[in-house]
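# An overview of the molecular structure
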There are 2 protein chains.
Amino acid sequence: MALIVHKYGGTSMGSTERIRNVAKRVAKWWRAGHQMVVVPSAMSGETNRLLALAKDLMPDARSPEALRELDMIASTGEQVSVGLLSLALQAEGLQAVSYAGWQVPIKTDSAYTKARISAIDDARVRADLAAGKVVIVTGFQGIDGDGHITTLGRGGSDTSAVAVAAAMKADECLIYTDVDGVYTTDPRIVPEARRLSSISFEEMLEMASLGSKVLQIRSVEFAGKYRVPLRVLSSFTPWDIDLDEEAKSGTLITYEEDDKMEQAVVSGIAFNRDEAKVTVLGVPDRPGIAYQILGAVAEANIDVDVIIQNVSNDGKTDFSFTVPRSDYGRVLDLLKASVAPAVGASSVIGDNRICKVSIVGIGMKSHVGVAAKMFRSLSEEGINIQMISTSEIKTSVVIDEKYMELAVRALHRAFELDGQPT
Amino acid sequence: MALIVHKYGGTSMGSTERIRNVAKRVAKWWRAGHQMVVVPSAMSGETNRLLALAKDLMPDARSPEALRELDMIASTGEQVSVGLLSLALQAEGLQAVSYAGWQVPIKTDSAYTKARISAIDDARVRADLAAGKVVIVTGFQGIDGDGHITTLGRGGSDTSAVAVAAAMKADECLIYTDVDGVYTTDPRIVPEARRLSSISFEEMLEMASLGSKVLQIRSVEFAGKYRVPLRVLSSFTPWDIDLDEEAKSGTLITYEEDDKMEQAVVSGIAFNRDEAKVTVLGVPDRPGIAYQILGAVAEANIDVDVIIQNVSNDGKTDFSFTVPRSDYGRVLDLLKASVAPAVGASSVIGDNRICKVSIVGIGMKSHVGVAAKMFRSLSEEGINIQMISTSEIKTSVVIDEKYMELAVRALHRAFELDGQPT
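Below, the structure is looked at part by part. (Residues numbered from 1 in each chain as written. Chains lettered and ligands numbered in written order. Predicted model: local features only at pLDDT ≥ 70, side-chain atom pairs only at ≥ 80, totals over all residues.)

### Observations concerning the overall build of chain A
Worth spelling out the cut-off: The secondary structure listing takes helices from DSSP runs of H or I that are at least 4 residues long and strands from runs of E that are at least 2 residues long, numbered from the N terminus. Buried residues are those with 20 or more other C-beta atoms within 10 Å of their own C-beta, exposed residues have 12 or fewer, and partly exposed residues lie in between; C-beta atoms are placed from the backbone. Contact definition: two residues whose C-beta atoms, as placed from backbone geometry, lie within 7 Å.
Along chain A, the regular secondary structure elements total 13 helices and 22 strands. With 422 residues in all, chain A has 50% of them scored as buried. The long-range share in chain A, meaning contacts at least 24 apart out of those at least 6 apart in sequence, stands at 76%.

### A look at the relation of the copies chain B and chain A
This is how the line gets drawn: The superposition of copies rests on a least-squares fit of C-alpha positions from residues with pLDDT of 70 or more in both.
Relative to chain A, chain B is turned by 180 degrees and slid 0.0 Å along the rotation axis, the superposed coordinates differing by an RMSD of 0.1 Å. In short, the pair behaves as if placed about a two-fold rotation axis. No C-alpha of chain B lies nearer the rotation axis than that of Thr 76 of chain B, which sits 2.7 Å from it. Looking at chain B, 100% of its interface residues are interface residues in chain A too, so the copies touch through the same face.

### Remarks on the sheet that holds strand β16 (residues 275-284) of chain A
Residues and elements named next belong to chain A. Threshold: For two strands to be treated as a pair, DSSP must find at least two bridges joining them. Every axis corresponds to a line fitted to the C-alpha atoms, with the helix fit spanning only the stretch in contact, and the corresponding angles, defined between N-to-C directions, vary from 0 to 180 degrees.
Here 4 strands make up an open sheet; going across it, the order is β17-β18-β16-β19 and the pairing antiparallel. The two strands at the open ends of the sheet, each matched to only one other strand, are β17 (307-309) and β19 (347-351). Adjacent strand axes in the sheet meet at a mean angle of 15 degrees, parallel and antiparallel pairs treated alike. When β16 meets strand β18 (residues 316-324), the two strands line up antiparallel, connected through 8 bridges. Directly across from Pro 284, in β18, lies its bridge partner Lys 316. Packing against the sheet, helix α10 (residues 289-299) makes contact with β16, β17 and β18, and its axis sits at approximately 140 degrees to β16. Docked against the sheet, helix α11 (residues 328-343) engages β16, β18 and β19, running at close to 10 degrees with respect to β16.

### A short note on the packing of helix α2 (residues 46-57) of chain A against helix α1 (residues 16-31) of chain B
The line we're drawing: Angular relationships are summarised with four words: roughly parallel below 35 degrees, roughly antiparallel beyond 145, roughly perpendicular across 65 to 115, and oblique for the angles in between. The crossing is said to be left-handed when, going from far helix to near helix, the turn is anticlockwise and less than a right angle, and right-handed when the turn is clockwise.
Where α2 of chain A meets α1 of chain B, the axes come as close as 10 Å, and the angle between the chain directions of the two elements is 45 degrees. One finds that α2 of chain A runs oblique with respect to α1 of chain B. Here the hand of the crossing between α2 of chain A and α1 of chain B comes out right-handed. Of the residues in α1 of chain B, those touching α2 of chain A at Leu 53, Asp 56 and Leu 57 of chain A are Thr 16, Ile 19 and Arg 20 of chain B.

### Looking at helix α4 (residues 76-91) of chain B
All names here are of chain B. Where we set the bar: By this rule, a helix spans an expected 1.5 Å times one less than how many residues it contains.
For α4, which comprises 16 residues, the first-to-last C-alpha distance of 23 Å matches the rise-based estimate of 22 Å (1.5 Å per residue) to within 8%. Most of α4 is tucked away: 15 of the 16 residues are buried. Gly 93 sits one or two residues past α4 and shows a positive phi near 95 degrees.

### Considerations on the interface of chain B and chain A
Many descriptions give the size of an interface as the accessible area lost when the pieces come together. Keep this limit in mind: We call Asp, Glu, Lys and Arg charged. Ala, Val, Leu, Ile, Met, Phe, Trp, Tyr, Cys and Pro are nonpolar, and the rest, Gly among them, are polar.
The interface is formed by 30 residues belonging to chain B together with 30 residues belonging to chain A. Looking at the side of chain B that touches chain A element by element, the count peaks at 11 residues for α4 of chain B. Each residue belonging to the side of chain B that touches chain A can be placed in one class, and the counts come to 17 nonpolar, 9 polar and 4 charged.

Listed below in structure tokens is the structure:
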């Protein structure tokens with residue numbers, strides 16, 4: 001008997017008919033003798049519907065008080081889902097009970113709309129499992145120290161599922177989604193993209209952080225921190241396929257490098273159109289300047305991705321970084337109104353029509369010239385590189401967004417990723 | 001400075017445009033110097049939408065486990081409302097904060113889908129009011145002793161508002177609704193019905209319990225128990241009408257009999273089509289039999305209204321009572337399967353095509369012959385009376401539902417209620 005966590009996305013929960021299928025699939029696992037915890041997302045479209053209502057009343061919610069209300073509103077989508085799934089499981093003849101994040105409780109900080117999980121008390125869930133119940137827990141949300149509802153931000157249900165699996169030391173966390181695994185790149189852009197039967201945690205982390213939408217980055221971080229066995233698989237297979245077959249499908253995230261017999265140099269191409277670039281021009285080049293700029297940005301709870309500071313010229317330097325595109329207006333306002341005057345910068349410019357394209361692979365560690373090959377390949381297509389950022393297992397470039405598809409296809413071909421599924 | 005509770009129904013909260021109007025009205029009261037607590041219902045149609053989803057997965061939810069999930073699901077409607085209204089108030093420039101029932105907390109028993117409020121801890125709300133905030137509290141719901149979400153049943157938001165007003169010793173509780181007050185009877189049935197500028201608490205209690213949909217019965221009970229000054233008024237007046245005029249509109253529920261200068265014999269005609277009648281036939285006439293039958297019904301959490309037991313004949317008697325029509329199937333099953341065999345009854349019959357029509361009036365206390373006049377009036381229309389139930393200030397009859405409108409109109413005329421608004 002294993003303890004298994006299932007996570008189902010909004011599409012899988014999109015109608016009562018689909019919820020019934022989720023219930024049948026969960027029941028199949030439970031009947032095979034497993035203890036089951038299920039974390040469903042809101043029904044597809046529901047979170048958007050709720051936030052559209054909120055936006056109609058306050059087009060640009062920014063204050064903590066307003067963001068708190070967004071969380072009150074948006075968190076209801078998952079609460080409806082868990083209740084419905086519990087009913088569907090009860091209708092299947094199982095015992096089931098649903099909990100909102102605050103009931104578990106899943107404790108978080110108070111960063112409304114992008115809170116982080118700080119602790120999970122699993123006593124209540126464990127008691128229910130011991131009593132033979134399937135436990136359904138809301139994704140995407142928790143409760144802060146003052147008893148306010150928080151949400152984890154878009155895709156937060158993945159993080160909830162992995163965090164619950166980690167807290168409970170689950171044997172495996174299965175993320176059921178509308179793709180059947182992790183691909184070398186997005187098949188909608190490169191039809192030749194291949195599904196990977198496994199991928200190392202480090203590569204998955206880079207793929208997620210670089211814009212692969214399969215898993216939310218924080219869920220991968222969580223999985224890595226607690227070494228949660230994690231599998232991404234399709235929710236579109238019939239619910240009654242053989243359990244052993246289902247348990248081996250999709251893509252497994254691995255933590256041992258030698259899990260993979262043969263290591264490709266580059267495992268995948270990731271891309272992200274959801275970023276914007278800002279540059280603070282003419283910053284006096286003195287110690288602490290990066291902190292003065294980025295500290296203010298972090299305080300406003302804006303995530304910063306790529307950061308570039310060039311060598312100084314005449315004691316002045318230019319400082320560039322990228323942020324989520326949705327924060328573009330906010331970060332420009334912040335920089336112009338307070339940061340630039342405070343650091344004595346000459347001006348602030350930005351561009352929100354950029355994209356980031358990255359190559360990812362554990363194999364890059366031991367292979368030289370991988371980045372050079374990437375730059376040559378882009379150059380051959382006439383694509384200008386605006387920013388470069390590297391790590392041990394990935395190289396990212398920021399380019400004009402109109403070249404995104406072209407760049408991804410060229411790189412997928414250059415690193416010989418085209419081909420048949422493994 | 002007064003402490004005022006406003007309650008808005010689902011129609012008033014039916015769109016973001018209407019929510020904005022609610023916010024403007026609340027802001028008007030707050031700017032006039034009042035402390036404001038607002039209890040909104042779910043957006044119109046939302047509770048039905050949610051329960052329809054649940055019903056699709058479990059057509060006949062009865063177990064406590066299933067009813068618990070219905071409450072998880074249905075309670076989200078109000079949670080969305082409070083968050084949206086709080087945003088609308090913040091957009092108006094006020095400080096506002098919303099709370100779900102469990103956050104206040106509003107404590108209830110564990111009778112899912114029809115829970116009763118046991119206590120309200122107002123410390124959190126009071127602190128917010130003292131800080132100058134408008135506090136918005138979900139209607140319809142609370143939390144039980146084990147931390148499960150409960151709902152109070154249909155119309156429960158009225159009860160929440162009055163309970164909050166009672167707990168906080170509010171100066172007045174204003175129920176904004178889609179009618180502009182309490183009428184002598186439903187104007188849709190009798191066009192000559194008149195609005196009452198005030199009504200005694202006892203009469204309002206009878207009107208509510210007898211099917212007038214203006215206020216939920218339990219909210220009136222609560223109001224009476226704690227003598228909460230309660231006013232029913234229209235949410236369709238423009239939000240910017242003069243506050244003093246608004247504060248005097250609608251119908252005030254009074255607690256002093258001499259509030260009313262001239263006492264009519266009968267103040268109103270109430271009716272209720274939402275009942276069903278069941279009869280346990282051939283029950284041995286021995287002590288404890290009523291308890292054996294009704295105890296089992298109460299345990300199943302089914303409300304019983306009119307109860308009739310005739311004198312016995314050959315040591316056998318027939319025992320009849322009415323229940324909400326939605327519980328008709330359940331009560332028949334219960335009586336046939338366990339109660340009737342246990343008490344040695346011969347059979348169980350029922351009818352769910354009945355209605356109850358009642359005359360209500362404090363004046364009945366001191367006037368003889370009122371009931372007789374009612375029976376004569378019905379007899380003149382050829383309407384057969386199936387059951388009769390009386391109290392000091394009301395007389396109710398159960399009749400075939402097809403005669404309902406006819407009976408209401410005849411009684412409204414017979415007791416001289418037709419006329420101009422007071």
